[in-house]
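Chain and residue survey
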Amino acid sequence: MEKLVITGKTPLKGEVIISGAKNAAVAIIPATLLINGVCTIDNLPNISDVKLYCDILKDLGSKVDWITDHKVVIDNTNITSSVAPLEVTRKFRASYYLIGALLGRCKEAQVGIPGGCNLGARPIDQHIKGFEALGAEVEVSQGNITAKANVLNGTTIYMDVVSVGATINIMLASVLAEGTTVIESAAKEPHIVDVANFLNTMGADIRGAGTDVIKVKGVKELKGNAEYSVVPDQIEAGTFMLAAVASKGDIIIKNCITKHLECVAAKITEIGGKIDANGDHLRVWCDKRTKKANIKTLPYPGFPTDLQPQIGVVLSLSKGTSIINESIWESRFQYTDELRKMGANITAQGKTAVFEGVDELYGAPVSATDLRAGAALIIAGIAANGTTEIYNLKHIDRGYENIEEKFRKLGAKIERVQEEE
Ligand code: EPU
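Source: prediction; values computed, not measured.

Examined at the domain level, the chain breaks down into domain 1 (2–19 + 232–418) and domain 2 (22–229). Each of domain 1 and domain 2 has a C-alpha centre, and the two are 30 Å apart. The interface is formed by 25 residues belonging to domain 1 together with 19 residues belonging to domain 2. Between domain 1 and domain 2, roughly 1,700 Å² of surface is buried when both sides are summed, and carbon and sulfur atoms account for 50% of that area. Connecting domain 1 to domain 2 are one salt bridge. One salt bridge connects Arg 398 with Asp 49, and the closest N-O pair in it is separated by 3.3 Å. Where domain 1 meets domain 2, there are eight residue pairs in polar contact (both at pLDDT 80 or more). Mapped onto the side of domain 1 that touches domain 2, the elements with two or more residues apiece are α12 (371–383) and α13 (394–399). Here the side of domain 1 that touches domain 2 is composed, by residue class, of seven nonpolar, nine polar and nine charged.

Here's what the structure looks like:
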């Protein structure tokens, strides 16, 4: 069993380069299924979710050639199946994009239903509503979802909740449909814009991505024959920003889109941290104890739920009482149990947590309950007195490229250690 061992109380110093966005990559890879030809994708993060998705594509007939750790050429000229490997797709959340992509390409798809996860229930009713509105028949049975259509016809779809996944999935299913599809109350996250930009580069006609109304004019074919570079990871950049503040460090974050980070930057400034944005660089530093703040997670451009655990560490150490209201996921406070083991004073109930700021956190053995919880525990370990051991690293490796190496370059004392079972 692997664990991360962190010796804390190190102010981070230096530069870090942000990788391509995980949540854009895991949508763009299945989106290639809509291309009747070859495309090249660059700036992919080197993480296990991306590798797994490319393996799923191979099962469907894709030719996948890795040119470097971050660049892949995918040839989807000969897709041989519309049935995804069911067991794998049941365990892998972002596999839901295979439904929209295969439905768009083959007019049929069978995918294992991604189950609930450690963030709580993750329904896909809005995805299904969109596919049905386009004319597909959708059946959910025996752990699988099957979608079929003779023809997909563009229409206007009013989303009942703002959903990243459903917005992207409906875009995927409608790119090759007849006529125009309008998605009302669409999500606006940077990776939605990135998937639309990718598809447009390959020959699609999508307008309005990044606003709450997206219009997709169906085209006959996506020819591909183009190269696309994935957007920098907003959440990875935000994770390092909050690590700089928690550790009272001073770092430069390179290759980020500062516009995507304005909401996090505003919160950091509110609690006493300092930010200087310069082109695609961001300097973040903090030289005093931070102050309390209240936060409610919201869809973009609001405060992202995927940075909630990381700012929870900062608020655990801030002066005064802070409150976080988590409005997206029902179980995103499991990390607070782990932080309590390190001396934090947090009371979490339902979707609200109250943080009574403490002077210090202390190293302890803790477990990463999910991806962002894992990132938060690394930040806590770097800021804490003493030694922290973090277990259950598979969650962290799913979504952060070389995380311990990037933190080590910033001066953190962090090692990956093999422990006997
Ligand atoms: N929802 C529904 N019905 C649906 C879809 C969503 O009720 O059909 C609800 C969800 O239960 C949730 C809210 O709508 O309360 C938002 O869910 P959304 O669909 O936006 O989430 P997602 O697409 O499943 C993506 C990211 C998550 C991130 C959320 C919110 C990917 C692969 N995952 O999930 O990322 O938390 O958007 O921004 O893009 C992570 O990276 O750690 C992560 C969990």
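Next up on the list: the nonpolar core. Counting 77 residues, the largest nonpolar core has Tyr 53, Leu 98, Phe 198, Leu 199 and Leu 222 as the members making the most contacts within it. For this core, the element with the highest residue contribution is helix α1 (residues 22–31), accounting for seven residues. Other than its neighbours up to four places away in sequence, Leu 98 contacts Pro 30, Leu 33, Tyr 53, Ile 56, Leu 57, Leu 60, Ala 84, Thr 89, Leu 103, Ala 109 and Val 111. Counting 68 residues, the second largest nonpolar core, distinct from the first, contains Leu 261, Leu 377, Ile 390 and Ile 414.

Take the packing of aromatic side chains next. Evaluation of the coordinates by the stated rule reveals five aromatic pairs. Plain terms: the ring middles of Phe 198 and Tyr 228 are 5.6 Å apart, the flat faces sit at 75 degrees to each other, and that makes the pair edge-to-face. Remark: Tyr 228 occurs in strand β13 (residues 226–229) and Phe 198 occurs in helix α7 (residues 190–201); sequence separation between them is 30 residues. Exposure remark for Phe 198: the relative accessible area of 0% places this residue in the buried category.

It is worth spelling out unusual backbone geometry at this point. Apart from glycine, the bulk of residues carry a negative phi angle, and the bulk of peptide bonds sit in the trans form. With omega at 10 degrees, the peptide bond leading from Tyr 300 into Pro 301 counts as cis. Here Pro 301 is to be found in the loop between β17 (294–296) and α10 (308–316). Positive phi outside glycine occurs at Asn 43, with the angle close to 60 degrees. Tracing the chain through its elements places Asn 43 in the loop between β3 (38–42) and α2 (48–59). Even without being glycine, Ser 185 reaches a positive phi, approximately 60 degrees.

One pass over the full model with this rule turns up 25 salt bridges. Between Lys 9 and Glu 360 there is a salt bridge, and its shortest N-O distance comes to 3.0 Å. Of this pair, Lys 9 sits in the loop between β1 (2–7) and β2 (13–17) while Glu 360 sits in the loop between β20 (352–356) and β21 (365–367), and the two are 351 residues apart along the sequence. Judged by relative accessible area, Lys 9 falls into the partly exposed class, the value being 45%. A relative accessible area of 26% places Glu 360 in the partly exposed class. Several salt bridges converge on common partners, so that one network encompasses Glu 2, Asp 397, Glu 404 and Arg 416.

Mapped onto the elements, Glu 2 comes out in strand β1. Put simply, Glu 2 and Val 50 are 48 residues apart on the chain and 21 Å apart in space, counted from C-alpha to C-alpha. Of note is the side chain of Glu 2, whose polar atom sits 2.9 Å from the side chain of Arg 416.

What counts and how
Residues numbered from 1 in each chain as written. Predicted model: local features only at pLDDT ≥ 70, side-chain atom pairs only at ≥ 80, totals over all residues. Heavy atoms only, no water. Domains from an automatic or database assignment. Contact = heavy atoms within 4.5 Å. Buried area = accessible area lost by both parts, 1.4 Å probe. Salt bridge = Lys/Arg side-chain N within 4 Å of Asp/Glu carboxyl O. Polar contact = N/O pair within 3.5 Å; in protein donor to acceptor, adjacent residues only side chain to side chain. Helix = DSSP H or I, 4+ residues; strand = E, 2+ residues; numbered from the N terminus. Nonpolar A, V, L, I, M, F, W, Y, C, P; charged D, E, K, R; others polar. Core = buried A, V, L, I, M, F, W, Y, C linked by side-chain atoms within 4.5 Å. Buried < 20%, exposed > 50% of the residue type's maximum accessible area, 1.4 Å probe, protein only. Phe/Tyr/Trp six-rings, centres within 6.5 Å; stacked < 30°, edge-to-face > 60°.

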